[in-house]
Structures are given as structure tokens and as C-alpha cells.
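Fold and contact review
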Amino acid sequence: MNNLRHFAIPADDVERAKRFYERVFKWRIEAWGPPDFYLIFTDEADKPHGSIDRRDDLAAARSEQTEKGRGGIGWECTIAVDDLSAIKSAIVKHGGKIVHDEREIVGVGTLIRFADTEGNIACAMHYVV
């Protein structure tokens, strides 16, 4: 009940974003519906967990809010990973950037924050619990 059902990754270059997430996180990504719309499967289940599609005009609203000093608008997503060092290398190798390097959260795990090829910010964490 009240579980996260779907996440969306906006992209200026949908194919570039698709390649990034396939290569870095090994997600299965399949075309579906309208042009430049893909479903993301993060595990072996037959149900998609997210999508990648062309960035819409909300980006302009976000940019305007950032210029007013409000910072980003939206949620921050954290992806659980087994090997944080390998993920960091893959992020950089495939065009992303490490925004905040490793930070330990005692009793939880080690976290990084990264930007994907489209400038979206997300986190990857090696959990210890």
C-alpha cells in the first residue's frame, strides 16, 4: 500500500539516456507507445518500474525556480548497488558525472550523488542493512 509504482527519467536525448542506464545499471529498457518513450525494467519481473521519455516544458519551470534560488524541484531517487566503485566508474565512463562523492551514512550504507547524461540528479548507494 502506498508504494512507489513508477519513476520517470526526462531526457533531452532519449537514446543517449537509454544507453547510459542500460550500460551503468544493466537495466532492460524497451520501446513502448509513442515515439521516444521507453519502459524500464530494473529486475527480472515482467512489470516495468519506470520510463525514459523526452523532456517536456516542465524543465523551463524548474530552471526558472532554480534561478529564483529555490533549487531543484522533484524527488531524489536512490538506486541500490552491490559495487559502488564499479558503478562510479561506469557512470563516468558512459558520460555521467559524480556530483557528491562517497558519503557514509552510519548503519545504512555508502552513498554517492551523480548526474546522468541528461543532467538529472540521482543517487546510488551500497546498503549495509
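Before going into details, it helps to say that this report is about the structure given with it. In every chain, residue numbers begin from 1 and rise along the written sequence. Restriction of local features to residues with pLDDT of at least 70 applies here, the model being predicted, together with a cutoff of 80 or more for giving and counting side-chain atom pairs; totals for whole chains, interfaces and linings are based on all residues. Note: side-chain values were computed over all heavy atoms of the structure, leaving out hydrogens and water.

Some details on the side chain of asparagine 120
Runs of E in the DSSP output that reach at least two residues are strands. Runs of H or I that reach at least four are helices, and both are numbered from the N terminus. The topology assignment puts asparagine 120 in the loop between strand S7 (109-115) and strand S8 (121-127). By relative accessible area, asparagine 120 is classed as buried at 15%. Dropping the residues within four chain positions of it, asparagine 120 is found in contact with Ile9, Pro10, Arg55, Phe114 and Ala115. Throughout, exposure labels follow a simple rule: accessible area from a 1.4 Å probe, protein chains only, divided by the maximum for the residue type, with under 20% read as buried, over 50% as exposed, and the rest as partly exposed. Contact criterion: two residues are considered in contact whenever any of their non-hydrogen atoms come within 4.5 Å of each other.

Examining the pairing of S8
Pairing between two strands is assigned when DSSP locates at least 2 bridges connecting them. For strand S5 (residues 78-80) and S8, the ladder comprises 3 bridges, and the chain directions are parallel. The partner of alanine 80 across the bridge, within S8, is methionine 125. In this structure, S7 lies alongside S8, joined through 7 bridges in antiparallel fashion. Each bridged residue has a counterpart across the sheet, and for leucine 111 the counterpart in S8 is methionine 125. Where S7 folds back on S8, the antiparallel hairpin that results is connected by 5 residues, among which glycine 119 adopts a positive phi of roughly 85 degrees.

A look at the sheet that holds strand S4 (residues 50-54)
Whether parallel or antiparallel, the strands of a sheet pair through hydrogen bonds between backbone atoms. Pairing is mixed in the open sheet, where 4 strands are placed in the order S1-S4-S3-S2. Here the strands that pair on one side only, and so sit at the sheet edges, are strand S1 (7-11) and strand S2 (28-31). Adjacent strand axes in the sheet meet at a mean angle of 25 degrees, parallel and antiparallel pairs treated alike. Here S1 pairs with S4 via 5 bridges, running parallel. Of the residues in S4, the one forming a bridge with alanine 11 is arginine 54. The sheet strands contacting helix H1 (residues 14-25) are S1, S2, strand S3 (37-41) and S4, and the helix crosses S4 at an angle near 150 degrees. Orientation is described by lines fitted to C-alpha atoms, with helices fitted over the stretch in contact, and by angles between N-to-C directions that extend from 0 to 180 degrees.

So, to be careful, I would describe these as geometric facts and stop short of saying anything about function.
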